[in-house]
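Coordinate analysis (summary)
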Amino acid sequence: MLLTAKPVPQPFNLNTATAAQIKTLPGAGDTMAAAIIHYREKNGPFRRVEDLLIIKGVSKQRLESWKPYLKLK
């Protein structure tokens, strides 16, 4: 059985990211991508990357691992 690794994420804009882009983040899957997009659609653009902590399943540790791949502009 051949295992395929997730591609290394390239930095992307959190406020325009697609589900496919979000899923490249370490530990993010379909549910997390949907939650991030749902929050963004309901509440408007993120003002700070740290606003992701509002989303269930995003811990401080997880957010720290994502920061190198996220930007807001």
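Below you will find a few notes about this structure. (Residues numbered from 1 in each chain as written. Predicted model: local features only at pLDDT ≥ 70, side-chain atom pairs only at ≥ 80, totals over all residues. Heavy atoms only, no water.)

1. Brief notes about helix α2 (residues 30-43)
- With 14 residues, α2 ought to run about 20 Å at 1.5 Å a step, and its terminal C-alpha atoms sit 20 Å apart, in line with that.
- Met 32, Ala 33, Ile 36, Ile 37 and Arg 40 are the residues of α2 that are buried. When α2 is viewed along its axis, its buried side chains cluster within an angular range of 130° and face the same direction. Of the residues in α2, the exposed ones pointing more than 90 degrees away from the buried face are Asp 30, Thr 31, Glu 41 and Lys 42.
- Buried residues along α2 sit against α1 (19-22) and α3 (60-66).
- Gly 44 occupies a position one or two residues after α2 and carries a positive phi of about 90°. (Helix = DSSP H or I, 4+ residues; strand = E, 2+ residues; numbered from the N terminus. Expected span 1.5 Å × (residues − 1). Buried < 20%, exposed > 50% of the residue type's maximum accessible area, 1.4 Å probe, protein only. Arc of directions from axis to C-beta. Contact = heavy atoms within 4.5 Å.)

2. Focus on the packing of aromatic side chains
- Inspection of every chain in the model, using the stated rule, returns one aromatic pair.
- Measuring from centroid to centroid gives 5.4 Å for Tyr 39 and Phe 46, while their planes differ by 20°, and the two rings are stacked. (Phe/Tyr/Trp six-rings, centres within 6.5 Å; stacked < 30°, edge-to-face > 60°.)

3. Observations concerning the environment of Met 32
- Note that Met 32 resides in helix α2.
- Met 32 sits in the buried class, given a relative accessible area of 10%.
- For the pair Met 32 and Ile 22, spaced 10 residues apart in sequence, the C-alpha to C-alpha distance is 8.0 Å.
- Excluding residues that lie within four positions of it along the chain, Met 32 makes contacts with Ile 55, Lys 56, Gly 57, Val 58, Arg 62 and Trp 66.

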